[in-house]
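Notes for the structure review
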Amino acid sequence: MLPTPSLPWFELARFRRSRLTRLAVLAVAIVPLFYGALYIWANIDPTGRLDHVKAAVVNEDQMVEVAGRDGEKQPVAVGRQLAANLVGNDDRNNYDWVLTDPSDARSGLADGRYKAVLTIPRDLSKAATSTSGDPDAAVQGRLDLKTNDAVNFVNGQIADRILEAAKSSLNAQVTRTYLDNLYLGFTDIKSSLEEAADGAGTLADGAGRLGSGADQLADGTRQLSSGATTLADGNRQLAGGAERLDAGAGQLANGLDELQGRTAPLPGQTRQLADGAEQVAGGVAQFDAVVQRVVGGINGSTGQVQQQLQTLETSLRSAAQQCRADGVPAATCANLDAGADAAAAARTQVGTVTGRADEIGRQSARLYDGAQRVAAGNRQLADNAPALVGAIGQASDGADQLQSGTSQLVSGAREAAGGADRLASGAGRLTDGADQLSDGAGALRDGALRLQDGLTDGSEQVPDYTKDQREKLAKTAATPVTDAADRLNAVASYGEGLAPYFMALALWVGAMSIYLLLRPVSARAIASTTGAVRTALAGFVPGAALSVVQAVLLVGVLLGIVGVDASQPGLLLGLALLTGLVFTAINQTFIAWFGGAGRFLAIVFVCLQLTAAGGTYPIETSPSFFGFLHALVPMTYAVHGLRAATAGGTTGVAFDVFVLVVFAVGALALTALAAKRRERVTMAALHPTLQV
C-alpha cells in the first residue's frame, strides 16, 4: 500500500518557505558531486601526469675503454647512456628527469623540488663491462635511488617501478652485448677448429711423405751397407795385393843392392834381371788393373751413395722444420735432426773413402809406370851392360821409392778397409734409424688423422651463428620472458578504476546528507491513523527523489565533464540510482530507530563498508575480519555492480541488484517497525537523553 501523494509532498513543501531552505535542498542534491566527482577527477590519471613531477639524475659514472675483438680500444659510458635515456624520455608516465649535481640533488630532495634522486655511481661502466675480463673481477653495478617519504609516500613506490624498468632495460642491453660477443666467440672457435683440422690434415700428408722418404732411405742405406761391405772386401784384397807388392818391392830393392855390388857378372845377370823385371812389370800391370777396377767400383758406388745421402739429409731437414711448425712434440722433431746429422756424417765418411781410393789408384798407376820403366831399363841394361852399371844406382833408388810407396799403399788399403767396415756399420745403424723413422712417421700420420677427425667432429658440434642469428639469440636470452598480460574489461586510467568505489562513497554521503535535512518519518503521519508502512514510505519517497537527483547529477558529471569512459553508461546510471535508493533507505532506518545517534551509527557503518567492500585492493589482502564483513555490507555489491558497468561485463550484476533490493526492502521494513514503535509515546521519547 503506497502513501498518498500528500504525505511525501508535505515533507518537501517545508523547504519552499524561503530561498535558504531551497538552497539547502540544492546543497543536499550536489553533495555527492563533492565526494564523487572531485575525488575521481583528482585521481583520474595520476600515472599519466608523471611528466609534471621533477626528479634529479646525478651521473658520477666514469667512462672506461674496452678492447674490441680487433684489439682497438672502444669507449663505454653506461651511466651517460642511462642518464640520456631518462632525461630524453618524454613519456607521460615517466618523471621529468633533470641532470644536476649532488649538492643540488640533496637540497632539492629535502625541500620537495625533486621527488626522487637517482645517483649513478662512478664505477657503473666498469662493473657493466667487468664480465669481459677476469671472471674473479666481475662485479655487479649499483644504482642509488633516494625518495623522501616525508614529502610523499606513494611517490617512492612509483619511483621504484620507474627505476626497475630503467634497470631492466639497461641489464637487457648489457646482457645482449655480452651474449653477442659470446656467440661470436663460438664462430671464432669453429673457425679455429676447422683451421686446426686442416693443419692436422697437412701434418698427416707430410707424415705420409716422410714415411715414404724414410722407406726410400732405408732401401738406400741397405744398398749403401751392401756396397760398403763389398768395398771393404775389395780393400782387404787390395791390402793383400799391396802387401805382396811391398814384399816384391823389398826384394827388388835388395836385389838391386846386391846387383850394384855384383856388377861383374852383369851381362848374364842383366838378362835374368830383364826377364825378372818384365815379369814384375806384368804382375804390376795385373795388380794395377785390379786396383783401377776396384777404385772405379768404389767411385761409381760412392757417388750414388753420396747423392742419396745428400737427398736424405735435405729431406730430413725439411721434415724437422715442418714437424716444428706443425707443433709436433720436440722429441720427435729432434729424431729427424739426428737422422739428418747421421746422413751428413755418413756422406763425409763416403767422401773420405773415395778420396783414399783415388789416392791408391794414383799410387798404383805410378807403380805400374815405374815397373814398366824398370823392365825397359833392365832390357836396355841387358843390351847395354856397360851403361847398366851406372843405371843400377838409379834403379836401386827407384826400388827404394817403390818400396816406400807400396808400404803407404798397404797402410792406405788397410785404412780404406777399416773405413769401409765402419761405413757398412754406420749404414746398418742408419737403416735401423730409417726403419724407426718410417714407423714413427706412420704413427704420426695415424695420430694426425685421428686429430683431424676429432677436430672436424668438434668443429661440427660448435655452432656458427650469423650476425642476425647472434642478435636474435642475444635478444631472446637477455629477455627470455616478455609481458603477455591480457586484462579483461580493462579501464583506461587509475581514476576510472576507483570511480565505482568513490561513487558508492559519494552516494552514501549523499544519503546521510538527505536525512540531515529531511525527517525519516513524519510526526504528523505517526499522529494520524496512517499505517506504519505508509508512514515509512512517506519518509522514504522524498529522500528517494533527492537521491535520484544526486545519482543523475553524479553520473552526468562523471561521464560528461570528468571524462569517465563507462563501458555501459545506461547500466551505470541504473545501478547508481539503485545504490542511492538503497543507501537512502538504510540511512532512513538508522535515523528512524536511533534518532541523532543514528547519524553516528551511519558514519561507523560506512567506515566498516569502506574497509570491507574491496574498493581498492583485493579483499583477500585485508585481515580476515574485513573478509568476514565483505559479504555482509551493501557497499560490496554496489561497488561490484558499478565496477562491472564501468569496465564491462555483466557477470554477477543480477545478484548484486538482488542483494541491494533485499537490503532496501529490509531497511524499509525496519523503518516501518520504527514508525510502529513511535505510535506509542513514552517519557523517553518526550525527554530524550541525548538530542542531536
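Overview of the structure. (Residues numbered from 1 in each chain as written. Predicted model: local features only at pLDDT ≥ 70, side-chain atom pairs only at ≥ 80, totals over all residues. Heavy atoms only, no water.)

In protein chemistry, a disulfide is the covalent bond that joins the sulfur atoms of two cysteines. Applying the stated criterion across every chain yields a total of one disulfide. Between Cys-323 and Cys-333 runs a disulfide, and the two sulfur atoms are separated by 2.0 Å. Torsion about the S-S bond of the Cys-323 and Cys-333 cystine: about -85°, corresponding to left-handed handedness. Here the residue Cys-323 occupies a position in helix α8 (residues 266-325), and Cys-333 occupies one in helix α9 (residues 330-383), the gap between them amounting to 10 residues. With relative accessibility at 4%, the residue Cys-323 sits in the buried group. With a relative accessible area of 2%, Cys-333 lands in the buried category. (Disulfide = S-S within 2.5 Å. Helix = DSSP H or I, 4+ residues; strand = E, 2+ residues; numbered from the N terminus. Buried < 20%, exposed > 50% of the residue type's maximum accessible area, 1.4 Å probe, protein only.)

Buried within helix α5 (residues 102-111) we find Ala-105, Gly-108 and Leu-109. Along the long axis of α5, the arc covered by the buried residues comes to 100°, so they all point the same way. Residues of α5 that are exposed and point more than 90 degrees away from the buried face comprise Arg-106 and Ala-110. Next to the buried residues of α5 lie β1 (54-59), β5 (116-120) and β6 (144-147). Positioned one or two residues after α5, Gly-112 has a phi angle of 90°, which is positive. (Arc of directions from axis to C-beta. Contact = heavy atoms within 4.5 Å.)

For a regular strand, side chains alternate in direction, first toward one face of the sheet and then toward the other. As judged from the four bridges shared by β1 and strand β4 (residues 96-99), these two strands associate in the parallel manner. By the bridge assignment for β4, Val-57 is matched with Leu-99. Pairing of β1 with β5 involves four bridges; the strand directions are parallel. Bridging across to β5, Val-58 finds its partner in Thr-119. (Pairing = 2+ DSSP bridges.)

Our focus in this paragraph is the pattern of salt bridges. All told, the structure shown has nine salt bridges when counted by the stated rule. Among the ionic pairs, Arg-113 bridges to Asp-104, the shortest N-O distance being 3.4 Å. Here Glu-359 and Arg-362 are joined by a salt bridge, their closest N and O atoms 2.5 Å apart. With a gap of three residues between them, Glu-359 and Arg-362 both fall in helix α9, about one helical turn apart. Classification of Glu-359 as partly exposed rests on a relative accessible area of 31%. Beyond isolated ion pairs, a larger network of salt bridges with shared partners links Glu-313, Arg-317, Asp-341 and Arg-347. (Salt bridge = Lys/Arg side-chain N within 4 Å of Asp/Glu carboxyl O.)

Two numbers describe how helix α15 (residues 569-594) lies on helix α18 (residues 634-647): the axes approach to 9 Å, and their chain directions differ by 165°. By the angle class used here, α15 and α18 are roughly antiparallel. For the crossing formed where α15 meets α18, the hand is left-handed. On the side of α15, the interface is formed by Leu-571, Leu-572, Leu-575, Ala-576, Thr-579, Phe-583 and Ile-586, while α18 contributes Pro-634, Met-635, Ala-638, Gly-641, Leu-642, Ala-645 and Thr-646. Here the contact of α15 with α18 is composed, by residue class, of 11 nonpolar, three polar and no charged. (Axes fitted to C-alpha atoms, helices over the stretch in contact; angles between N-to-C directions. Parallel < 35°, antiparallel > 145°, perpendicular 65-115°, else oblique. Left-handed = near helix turned anticlockwise from the far one by under 90°. Nonpolar A, V, L, I, M, F, W, Y, C, P; charged D, E, K, R; others polar.)

The four strands lie next to each other as β4-β1-β5-β6, forming an open sheet whose pairing is mixed. Of all the strands in the sheet, the pair left with one neighbour each is β4 and β6. Here the average twist between neighbouring strands, direction ignored, is 20°.

The subject of this paragraph is empty space enclosed by the protein. Counting across every chain of the model gives one cavity of 30 Å³ or more. One number sums up the size of the largest cavity: a volume of about 40 Å³. Of all the secondary-structure elements, those providing two or more residues to the lining of the largest cavity are α7 (153-261) and α8. Element by element, the count of residues in the lining of the largest cavity is highest for α7, at four residues. Residue composition of the lining of the largest cavity, by class: five nonpolar, three polar and no charged. (1 Å grid on protein atoms, 1.4 Å probe; cavity = no way out; pocket = protein on both sides within 12 Å on 5 of 7 lines; lining within 4 Å. Points joined across faces, edges and corners; volume = space filled by probe spheres on them.)

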